[in-house]
Amino acid sequence: MSIGLVDTGFNYGITWVGAAYLAGLITSRLFLPPLVGYLMAGYVLNVAGVEANETLNHLADIGIELLLFTVGLKLKPSSLLRREHILDSTRKIDLEP
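Quick notes on the rules
- Residues numbered from 1 in each chain as written.
- Predicted model: local features only at pLDDT ≥ 70, side-chain atom pairs only at ≥ 80, totals over all residues.
- Heavy atoms only, no water.
- Helix = DSSP H or I, 4+ residues; strand = E, 2+ residues; numbered from the N terminus.
- Buried < 20%, exposed > 50% of the residue type's maximum accessible area, 1.4 Å probe, protein only.
- Contact = heavy atoms within 4.5 Å.
- Areas by Shrake-Rupley, 256 points an atom, 1.4 Å probe, with all protein chains shown as cover.
- pLDDT = per-residue confidence, 0-100.
- Polar contact = N/O pair within 3.5 Å; in protein donor to acceptor, adjacent residues only side chain to side chain.
- Patch = residues over 30% accessible without salt bridge, like charges linked within 9 Å, V, L, I, M, F, W, Y side chains within 5 Å.
- Salt bridge = Lys/Arg side-chain N within 4 Å of Asp/Glu carboxyl O.
- Expected span 1.5 Å × (residues − 1).
- Arc of directions from axis to C-beta.

> How should the overall build of the protein be read in this particular structure?
Helices and strands together make up the secondary structure of the protein, namely 5 helices and 0 strands. Going from the N terminus to the C terminus, the protein shows its helices and strands as α-α-α-α-α. For the protein, with 97 residues in total, the buried portion stands at 14%. Sequence separation of at least 24 residues holds for 51% of the intrachain contacts in the protein that already meet a minimum separation of 6. Counting only carbon and sulfur atoms, one obtains 69% of the accessible surface of the protein, whose full area is about 8100 Å².

Shown next as structure tokens:
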């Protein structure tokens, strides 16, 4: 069962982003992280039969890049060079086959 939208990238993008925003807003009002709402919106829309298209894939790529950029802004290189981080990293690398 698919939602009867015109097959344009703009409509699908608005549907996915709008549903994710609304679900994120609802979960933040329930004192949960908005990410929980974004995930729930994706699962619900997928079950409802709304298909992702190229526009949505581009929006998702931009979102991931922005997320990684903001995480990178908050990292401090000096904290990454602490002895505990270096030892833990090398231990994890050695355990990988």
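> Sorry if this is basic, but what is going on with the confidence of the model for the protein here?
Predicted coordinates in areas of low pLDDT are best not read in detail. Here the protein averages 78 in pLDDT, while 80% of its residues score no lower than 70. Between the elements of the protein, mean pLDDT differs from a low of 70, seen in helix H5 (residues 83-95), to a high of 87, seen in helix H2 (residues 34-48).

> Please clarify how the side chain of Thr 27 should be interpreted in this entry.
Residue position: Thr 27 is located in helix H1 (residues 9-29). A polar contact of 3.5 Å, which involves the side chain of Thr 27, links it to the backbone oxygen of Pro 33. Once residues within four sequence positions are removed from consideration, Thr 27 is found in contact with Leu 32, Pro 33, Pro 34, Val 36, Gly 37 and Met 40.

> Would you take a moment to explain the environment of Ala 41 for this structure?
Examined against the element boundaries, Ala 41 turns out to sit in helix H2. In sequence terms Ala 41 and Trp 16 are 25 residues apart; their C-alpha atoms lie 7.8 Å from each other. If sequence neighbours within four positions are ignored, Ala 41 has contacts with Ala 19, Ala 20 and Ala 23.

> Would you mind showing me how to read unusual backbone geometry here?
Most of the time, phi is negative for any residue but glycine, and the peptide bond is trans. In this model, Phe 31 sits at a positive phi of 60 degrees, which is unusual for a non-glycine residue. Examined against the element boundaries, Phe 31 turns out to sit in the loop between H1 and H2.

> Please clarify how a nonpolar patch on the surface should be interpreted in this entry.
A surface patch of nonpolar side chains, amounting to about 760 Å² of accessible area, comprises Tyr 21, Leu 22, Leu 25, Ile 26, Leu 30, Leu 32, Val 36 and Met 40. Within the residue set of the nonpolar patch, elements represented by two or more residues are H1 and H2. The leading source of residues in the nonpolar patch is H1, at 4 residues.

> Can you walk me through H2 in this structure?
Since one α-helical turn is 3.6 residues long, residues separated by three or four positions face the same way. Under the 1.5 Å per step criterion, the end-to-end length of H2 is 21 Å for 15 residues, consistent within 8% with the ideal 21 Å. Taken together, the buried positions of H2 are occupied by Gly 37, Ala 41 and Leu 45. Down the axis of H2, the buried side of the element spans an arc of 65 degrees, and every buried residue falls inside it. In H2, the exposed positions angled more than 90 degrees off the buried face are occupied by Leu 35, Tyr 43, Asn 46 and Val 47. One or two residues past the end of H2 sits Gly 49, with phi positive at roughly 95 degrees.

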